[in-house]
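Take a look at the letters that make up each chain.
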Amino acid sequence: MFEARHHTDLDSTNLEARRLIESGQISNRTVLYADIQTAGQGSRGRTWLSTQKGNLLASFVIPVPENWKKPHLALYPISLAVKKFIESLLSPESFQTELKWPNDILLERQKVCGCLHELASCSGQQFFIAGIGINIAWHPTQTSSSFPATSLHQYNNTEWPMEDLITDLGHSIETEVKHWEDLGFRLYMKQVMPHFYHLGEPITIHPDRRKEKAVTGIFQGIDLDGALVLKTLAGTEKITTAEIFPNLA
């Protein structure tokens, strides 16, 4: 179980998580969540717009156990847990949800969730921080992402108590992390792969967000180090950080 700590406002739940970890104020599984963030963080240095109430803004902190030989790989079970959680909120209606590598959730090919995964440490203990922002009640109309944003209320206008959402998401994360630990990364990823956006299809990626550095190829999968495997005309490339764009080869 995650110990829940609620804030009416924070600069960033991930920043607060790092501060608490580095000052020795977190030792167990903890979730920090806020009604609003004044300096929300997205991936690759972007801002995550979160200055209005109604969206889920949380950072789940997990002390890294000894059996996590490659802690960064936890992003995959946690991302799938978030995807399944979002699908549970859309039930009984069926809408298309996908994982967009490495850290977004798409709903009907629109961005409904972003994740910011980080590692922090204190006194020799590592902690995995899963920053999760889900557009529940509203979404920005203009973003720096190449995918338009959406919110769950566009598809289901149910009012969910935030405390219940945080609890249910925590359960989903714990279930998927345990599944990953039990199976091992190789077998676990066989179950994760079908959830990815454009698996087995042409994709265009920008490792440094500059168009002249674009790489196109077939998205073949994820290797044992967590890198995206791309089959290009020049051969096979392994990408550790990049942004997938909707324009196809």
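Preceding block: the structure.
Trainee: Whenever I open this one, the overall build of the protein chain confuses me. Can you help?
Mentor: Regarding its fold elements, the protein chain presents 4 helices and 12 strands. Buried residues in the protein chain amount to 51% of all 249 residues. The contacts of the protein chain with a sequence gap of at least 6 include a subset with a gap of at least 24, amounting to 64%. When the accessible surface of the protein chain is totalled, it reaches about 11,600 Å², and 48% of it is carbon and sulfur.

Trainee: How do you make sense of the nonpolar core when you look at a structure like this?
Mentor: Note that soluble globular proteins tend to have their nonpolar side chains buried in a common cluster. With 60 residues, the main nonpolar core has Leu56, Ile132 and Ile134 as its most contacted residues. Look past the residues within four positions of Ile132 in its chain and what remains in contact with it is Leu56, Leu57, Ala58, Phe60, Ile78, Val82, Cys113, Gly114, Cys115, Leu169 and Ile173. In this structure, Ala17, Ile21, Ile26 and Phe127 belong to the second largest nonpolar core, which totals 10 residues.

Trainee: What's the story with the packing of helix 3 (residues 162-183) against helix 4 (residues 185-192) in this structure? I'm lost.
Mentor: When two helices pack together, their arrangement is given by the angle between their axes and by how far apart the axes lie. In the contact formed by helix 3 and helix 4, the axes pass within 6 Å of each other and the chain directions differ by 130 degrees. The orientation of helix 3 with respect to helix 4, classified from their angle, is oblique. Taken together, the residues of helix 4 that come into contact with helix 3 (itself represented by Glu176, His179, Trp180 and Leu183) are Phe185, Leu187, Tyr188 and Gln191. For the contact of helix 3 with helix 4, the per-class residue count stands at 5 nonpolar, 2 polar and 1 charged.

Trainee: Quick question: what am I supposed to make of the packing of aromatic side chains here?
Mentor: For any pair of aromatic rings, the description rests on two quantities: the centre-to-centre distance and the angle between the ring planes. The tally for this structure, following the rule as stated, stands at 8 aromatic pairs. Seen in terms of ring centroids, Phe147 and Tyr197 are 5.5 Å apart; in terms of plane orientation they differ by 85 degrees. Their pairing is edge-to-face. In this pair, Phe147 sits in the loop between strand 7 (125-134) and helix 3 while Tyr197 sits in the loop between helix 4 and strand 8 (202-206), placing the two residues 50 residues apart along the sequence. Side by side, Phe147 and Tyr197 carry an identical accessibility label, which is buried. Each member of the aromatic cluster is reached from another via a ring pair, and the members are Tyr76, Phe185, Phe196 and Phe219.

Definitions and limits used
Residues numbered from 1 in each chain as written. Predicted model: local features only at pLDDT ≥ 70, side-chain atom pairs only at ≥ 80, totals over all residues. Heavy atoms only, no water. Helix = DSSP H or I, 4+ residues; strand = E, 2+ residues; numbered from the N terminus. Buried < 20%, exposed > 50% of the residue type's maximum accessible area, 1.4 Å probe, protein only. Contact = heavy atoms within 4.5 Å. Areas by Shrake-Rupley, 256 points an atom, 1.4 Å probe, with all protein chains shown as cover. Core = buried A, V, L, I, M, F, W, Y, C linked by side-chain atoms within 4.5 Å. Axes fitted to C-alpha atoms, helices over the stretch in contact; angles between N-to-C directions. Parallel < 35°, antiparallel > 145°, perpendicular 65-115°, else oblique. Nonpolar A, V, L, I, M, F, W, Y, C, P; charged D, E, K, R; others polar. Phe/Tyr/Trp six-rings, centres within 6.5 Å; stacked < 30°, edge-to-face > 60°.

That is the geometry; function is a separate question.
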